[in-house]
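# Examining the three-dimensional arrangement
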Amino acid sequence: MANPFDFSSGAVLTAAQLNAIGNKDDVTWSPTVNWSGSIGTSAYAQINDVIVIQFRFTLDATPSGTFEITSAPVNSAFNVAGISGNGSAVDQSADDVYAIAPNVQTSNKIRLTTVSHNDFATVTSSAPFSWASGDSIRFLMVYFA
């Protein structure tokens, strides 16, 4: 793809050229998750093909299985794109916080991975701790549409 802008030394881009570089859309999003709870902040921004997601979720019951968001706001260009952000898993009863990382599993499914030294595992009802009502998940991620 040819570059539409003059990036030579001393060149000045016009306002119209700068505006054409990319528009950012802030959009609220209603994700579908497989654990029972309340979704707090859930929004995303799209800048051309770059998607930025902010997500917060609080459990209202003891979960089972693997945590999944089964409705990414925009499909990923890649399946199993790898870790693409960071976040925290909050164990309210133990007053403890664990590092987690979101990743794209398929074009529209997001899973979380626990992150500790030489130990990566999918976030499940028993990892990185035994989840219960009141515990929460928060993350920020970036991926390509």
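Along each chain, numbering runs from 1 in the same order as the chain's sequence is written. With pLDDT at 70 or above as the cut-off, local features in this predicted model cover only qualifying residues; side-chain atom pairs require 80 or more to be listed or tallied, and sums for whole chains, interfaces and linings still use all residues. As a rule here, side-chain values cover all heavy atoms of the structure and leave hydrogens and water aside.

The term salt bridge refers to a side-chain nitrogen of Lys or Arg lying within 4 Å of a carboxyl oxygen of Asp or Glu. A full pass over the atoms with the stated rule returns two salt bridges. Among the salt bridges present, the one from glutamate 68 reaches lysine 109, with a minimum N-O distance of 3.8 Å. Of the two residues, glutamate 68 sits in strand β4 (residues 68–69) while lysine 109 sits in strand β8 (residues 109–116), which places them 41 residues apart along the sequence. Between buried and exposed lies partly exposed: a residue is buried under 20% and exposed over 50% of the maximum accessible area for its type, with that area taken using a 1.4 Å probe on protein chains only. Glutamate 68 sits in the buried class, given a relative accessible area of 10%. Beyond isolated ion pairs, a larger network of salt bridges with shared partners links Glu68, Lys109 and Arg111. Where helices and strands are cited, they refer to DSSP runs of H or I of at least four residues and of E of at least two residues respectively, numbered from the N terminus.

On to the packing of aromatic side chains. We call Phe, Tyr and Trp rings a pair once their centres come within 6.5 Å, taking the six-membered ring for Trp, and we label the pair stacked below 30 degrees between planes, edge-to-face above 60, and tilted otherwise. Under the criterion given, the structure shown has nine aromatic pairs. Ring centres of phenylalanine 55 and phenylalanine 67 lie 6.4 Å apart, and the angle between their planes is 55°; this geometry places the pair in the tilted category. Taken as a pair, phenylalanine 55 in strand β3 (residues 50–59) and phenylalanine 67 in the loop between β3 and β4 lie far apart in primary sequence, 12 residues in all. Pair check on accessibility: phenylalanine 55 and phenylalanine 67 agree, each one buried. Both rings, one in phenylalanine 129 and one in tryptophan 131, keep their centres 4.4 Å apart while their planes meet at 35°; by these two values the pair is tilted. You can call tryptophan 131 buried: its relative accessible area is 3%.

Here, the term nonpolar core denotes a set of buried Ala, Val, Leu, Ile, Met, Phe, Trp, Tyr and Cys residues that are joined through side-chain atoms within 4.5 Å. Ile53, Phe55, Phe67, Ile137 and Phe139 are the most contacted members of the largest nonpolar core, which has 25 residues in total. Listed by contribution, the elements that provide at least two residues to this core are β3, β7 (96–106), β8 and β10 (136–144). With five residues, β3 is the single largest residue contributor to this core. Leaving out residues up to four positions away in the same chain, isoleucine 137 has contacts with Trp35, Phe55, Arg56, Phe57, Phe67, Ser88, Ile100, Leu112 and Trp131. Contact between two residues is taken to exist if any of their heavy atoms lie within 4.5 Å; hydrogens are not considered.

Next up on the list: the environment of serine 116. You can see serine 116 is positioned in strand β8. When the C-alpha atoms of serine 116 and tyrosine 98 are compared, they prove to be 8.5 Å apart, with 18 residues separating the residues in sequence.

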